[in-house]
Amino acid sequence: MKQGLGTQLRHLIELLDGAVLQAYMDAGLDYRPRYTPVMRVLAQQESATIGQLAALAGITQPAATQTVALMKKEGLLLVVAGGGDGRQRVVRLSPQGEQLLPRLQACWQATKRAADSLDAELAFPLSACLAQAIAVLEQRPFGERIAQAGKPTPPTT
């Protein structure tokens, strides 16, 4: 039986994230791959709001909120009140998070080289395919496609 798109994507993520997680463990790091988009943003700039993190990291705001909460709990981030009225939450690396950055950056470089080698072995680079799929789905979301696919087709005469 041929696997559906969702099943294939979940399996691909398992293969990729599992290997990346193992690389962190082999490097002696207690760190989750899902933290990387947030860490990369905060490695580039001192602080950001949750909304800024989401936009700059290319993740949804709920994903950013959940990830920041986990990272704060693990001591990697500090979250403080910001803005004129204090309602906005500003996120920055904790001293522990800053100390971790050089080791993470070495892992990220190795992961990038591995991803480049994967792209080189494929008929069409996975990174380019994913970028194209994201761009197309941002123009016409998958939910809209599902709704359209569920409509009956008019009979032909």
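Below is a summary of the structure that appears in this document. (Residues numbered from 1 in each chain as written. Predicted model: local features only at pLDDT ≥ 70, side-chain atom pairs only at ≥ 80, totals over all residues. Heavy atoms only, no water.)

Once that is clear, we can look at the sheet that holds strand 2 (residues 77–82). Sheet strands pair via backbone hydrogen bonds, and the direction of the pair is either parallel or antiparallel. One open sheet holds the three strands; their spatial order is 1-3-2, and the pairing between them is antiparallel. Taken across any chain shown, the strands that pair with only one partner, and hence form the sheet edges, are strand 1 (47–49) and strand 2. Sheet twist, expressed as the average angle between the axes of neighbouring strands with direction ignored, equals 30°. The pairing of strand 1 with strand 3 (residues 88–93) spans three bridges and is antiparallel. (Pairing = 2+ DSSP bridges. Helix = DSSP H or I, 4+ residues; strand = E, 2+ residues; numbered from the N terminus. Axes fitted to C-alpha atoms, helices over the stretch in contact; angles between N-to-C directions.)

Glancing now at a nonpolar patch on the surface. A surface patch of nonpolar side chains, amounting to about 470 Å² of accessible area, comprises Leu-5, Leu-9, Leu-137, Phe-142 and Ile-146. Looking at the element boundaries, Phe-142 is found in helix 7 (residues 142–150). Phe-142 sits in the partly exposed class, given a relative accessible area of 47%. (Patch = residues over 30% accessible without salt bridge, like charges linked within 9 Å, V, L, I, M, F, W, Y side chains within 5 Å. Areas by Shrake-Rupley, 256 points an atom, 1.4 Å probe, with all protein chains shown as cover. Salt bridge = Lys/Arg side-chain N within 4 Å of Asp/Glu carboxyl O. Buried < 20%, exposed > 50% of the residue type's maximum accessible area, 1.4 Å probe, protein only.)

Looking now at the pattern of salt bridges. Overall, the coordinates contain three salt bridges when judged by the stated rule. A salt bridge links Arg-32 to Glu-74, with the nearest nitrogen and oxygen atoms 3.8 Å apart. Of the two residues, Arg-32 is situated in the loop between helix 1 (5–26) and helix 2 (36–44) and Glu-74 in the loop between helix 4 (61–73) and strand 2; the sequence distance between them amounts to 42 residues. Linking Lys-112 and Asp-116 is a salt bridge whose minimum nitrogen-to-oxygen distance equals 2.8 Å. With a gap of four residues between them, Lys-112 and Asp-116 both fall in helix 5 (residues 95–121), about one helical turn apart. Judged by its relative accessible area of 49%, Lys-112 is partly exposed.

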